[in-house]
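Here is what each chain is made of, one letter per residue.
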Amino acid sequence: MRWLAIALLSAATTTARADDAIVASAGEPPPPRHLVYVEALGKGGLYGIGYEYAMTERLGVGAATSYSNLSEHQVFTMSPYLHAQIFNRGRHSLFAEVGGILAYSRIASPVENWDGMSEWGGGGFATLGWQYVRGPIVLRTSVGVAVGEGGGAPMTGIAFGVRP
Amino acid sequence: MKCALLLALAACSQITDDGTPWEDASMGAGTELGPPPTLRAAPGCTLRVASWNLHLLDNPANVLEHFRASTMIANADIILLQETAQYPGEAQTRTATLGTDLAMTWAHTASHELRSGVIQGNAILSRYPLENIAVKRLPHVDQLLSQDRFAIAADVVVGDHRVRVASIHLDVRIQITDRIRQLDPAVTQLDERAIVGGDFNTAPWQWLESLVPLTSTEAIVGMEQAAVLDDYMASRRYVGSIPADTNTFTLPGFGMRLDNLYARAVPILAADIEYVEGSDHWPIWFDIDVCEEL
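A.B. asks: I keep staring at the overall build of chain B and nothing clicks. Help me out?
C.D. replies: Across its full length, chain B carries six helices and 18 strands. Relative to a compact globule of 294 residues, whose C-alpha radius of gyration would be 19 Å, chain B shows 18 Å and is just as compact. When its C-alpha atoms are laid out on the principal axes, chain B stretches across 60 × 45 × 35 Å. Put simply, chain B has 294 residues, and 60% of those count as buried. Intrachain contacts of chain B at a sequence separation of at least 6 include 70% that bridge at least 24 residues. Surface exposure of chain B reaches about 11300 Å², of which carbon and sulfur atoms provide 54%.

A.B. asks: Quick question: what am I supposed to make of the overall build of chain A here?
C.D. replies: Helix and strand counts for chain A stand at one helix and eight strands. The order of helices and strands in chain A, counted from the N terminus, is α-β-β-β-β-β-β-β-β. For chain A, with 164 residues in total, the buried portion stands at 40%. A separation threshold of at least 6 residues defines the contact pool for chain A, and within that pool the share at least 24 residues apart is 47%. For chain A, the accessible area works out to roughly 8400 Å², and carbon and sulfur atoms hold 65% of it.

A.B. asks: I keep staring at the sheet that holds strand β4 (residues 73-89) of chain A and nothing clicks. Help me out?
C.D. replies: Think of a sheet as strands paired side by side through backbone hydrogen bonds, with each pair either parallel or antiparallel. Residue and element names in this part refer to chain A. With respect to topology, eight strands assemble into a closed barrel ordered β1-β2-β3-β4-β5-β6-β7-β8, the strand pairing being antiparallel. Strand after strand, the sheet turns through a mean of 25° between neighbouring axes, direction not considered. Relative to strand β3 (residues 59-70), strand β2 (residues 47-54) is paired through seven bridges, and the arrangement is antiparallel. When the sheet's bridge partners are listed, I49 is paired in β3 with T65.

A.B. asks: Would you mind showing me how to read the sheet that holds strand β3 (residues 31-33) of chain B here?
C.D. replies: Residues and elements named next belong to chain B. In space, the seven strands of this open sheet follow the order β3-β6-β7-β5-β4-β18-β17, with mixed pairing throughout. Of all the strands in the sheet, the pair left with one neighbour each is β3 and β17 (268-273). Strand after strand, the sheet turns through a mean of 15° between neighbouring axes, direction not considered. Pairing of β3 with strand β6 (residues 105-113) involves three bridges; the strand directions are antiparallel. The partner of L33 across the bridge, within β6, is A107. Packed onto the sheet, helix α3 (residues 94-101) meets β3, β5 (78-82), β6 and β7 (119-126) and runs at close to 165° relative to β6.

A.B. asks: Can you walk me through the pairing of strand β10 (residues 150-158) of chain B in this structure?
C.D. replies: Consecutive residues of a regular strand have side chains that alternate between opposite faces of the sheet. Residue and element names in this part refer to chain B. The element β10 is largely enclosed, with a buried count of nine among its nine residues. Where strand β8 (residues 130-137) lies against β10, six bridges are found, and the strand directions are antiparallel. Across the sheet, L130 pairs through a bridge with V156, a residue of β10. Alignment of β10 against strand β11 (residues 161-169), held across eight bridges, turns out to be antiparallel. Bridged to A151 within β11 is I168. Following β10, the chain reverses through two residues before pairing antiparallel with β11; G159 in that reversal takes a positive phi of roughly 60°.

A.B. asks: What is the right way to look at the packing of aromatic side chains in this model?
C.D. replies: Tallying each qualifying case throughout the model produces seven aromatic pairs over all chains. Their ring planes at 50° and their centres at 4.9 Å tell us that Y104 of chain A and W120 of chain A sit as a pair that is tilted. Note that Y104 of chain A is positioned in strand β5 (residues 92-107) and W120 of chain A in strand β6 (residues 117-134), a separation of 16 residues in sequence. Its relative accessible area of 26% is what places Y104 of chain A among the partly exposed residues. Judged by centre distance (5.9 Å) and plane angle (75°), the ring pair of W205 of chain B and W207 of chain B falls under edge-to-face. No difference in accessibility class separates W205 of chain B from W207 of chain B, as the two residues are buried. One Lys or Arg, K43 of chain A, reaches over the ring of Y81 of chain A and ends 4.7 Å from the middle of that ring.

Criteria and thresholds
Residues numbered from 1 in each chain as written. Chains lettered and ligands numbered in written order. Predicted model: local features only at pLDDT ≥ 70, side-chain atom pairs only at ≥ 80, totals over all residues. Heavy atoms only, no water. Helix = DSSP H or I, 4+ residues; strand = E, 2+ residues; numbered from the N terminus. Rg over C-alpha atoms; globule rule 2.2 N^0.38 Å. Buried < 20%, exposed > 50% of the residue type's maximum accessible area, 1.4 Å probe, protein only. Contact = heavy atoms within 4.5 Å. Areas by Shrake-Rupley, 256 points an atom, 1.4 Å probe, with all protein chains shown as cover. Pairing = 2+ DSSP bridges. Axes fitted to C-alpha atoms, helices over the stretch in contact; angles between N-to-C directions. Phe/Tyr/Trp six-rings, centres within 6.5 Å; stacked < 30°, edge-to-face > 60°. Lys NZ or Arg CZ within 6 Å of the ring centre and 35° of its normal.

Below you can see the structure in the form of structure tokens.
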């Protein structure tokens, strides 16, 4: 976690340079700041959708939400997060994300005379990932750790998005 | 449709039947009953019940050695076994080997034959006579590498008292809702005064099509299958003995309570785990007061 915080801080401070901010070169349209995406297995949920806003070329903020219903066990998650590019080469980049996760879990009773269970939970996550960009298309995959009321656990995710 | 789409990835998990009713064990094949126990002393009121999944204990000498190495388990009056096997070419089951060595009677039911020819089963070992032995095939969960699951039950006769005891082994890699569907007929169709124990395979996670554990979801919410199962069992008036956050799985790094012992209408006096090596499960035990009724 510590190395990731340092990497994010480093990325954030390097993006403070004026020439690194999202500005268009003369005659070129400004790079898109908005990213919408779908994601599988990321940020605490099974599958979800997300939106991200690029504050600078390397730093963005976003939020993802997910909903799943597996055998009458429903899980809803909401995850605000910070995204930072650590390393960039051509269409490829290495990125890190940290954020929080708020989750609601509800198990419907499959039998009589038991009410099922429901619970709210909260926690955080930190991931390291690889991004590939081609035109407006963005593909990301990441691995990391989620920590919450149930302890810590590995997590992985894959996202497919567009920058309209 | 969803199952068809996901079939290429993994088998869909779903309950496909209701299993069977509790059936008299003397009527069915595959059930083995031991000779009457050799009673060592007049029965008292405290009865020690243990439960152990013997997975990985593939040598009969090993099974005996590990039981003798224990203190709480070796002194149990009733031992519920899961995955107690008979290997090809062997004259008797692990259950019979243990029962003979510990001077206990037993009721053993074969549950599943592995490709290697090993026949696994569930059993009840007892220092006191067993009566009304019954076997139940649990509702079948159709999934990747699925197999039929069974429960075996018997009345343990302790002097003037008796208590119904059941040894149960549930499926792995299923959702908690399917786990409860599989368990419910077995525990609701028992006498009011009952002990239920075994390997409930309550790995903490949700499962995506019996293949992918959703570990991060569980980490955030902290809603483990073991705790949900305890809540469900409480609705059937069963009291659990091993806390949901206790580890009964021996593999380092995986803290999960797979096993438990529950009592209904019988007071629990003490309970714990004993760290006996050999299996990938730690054995568990509890003491009950068979003379008292709640």
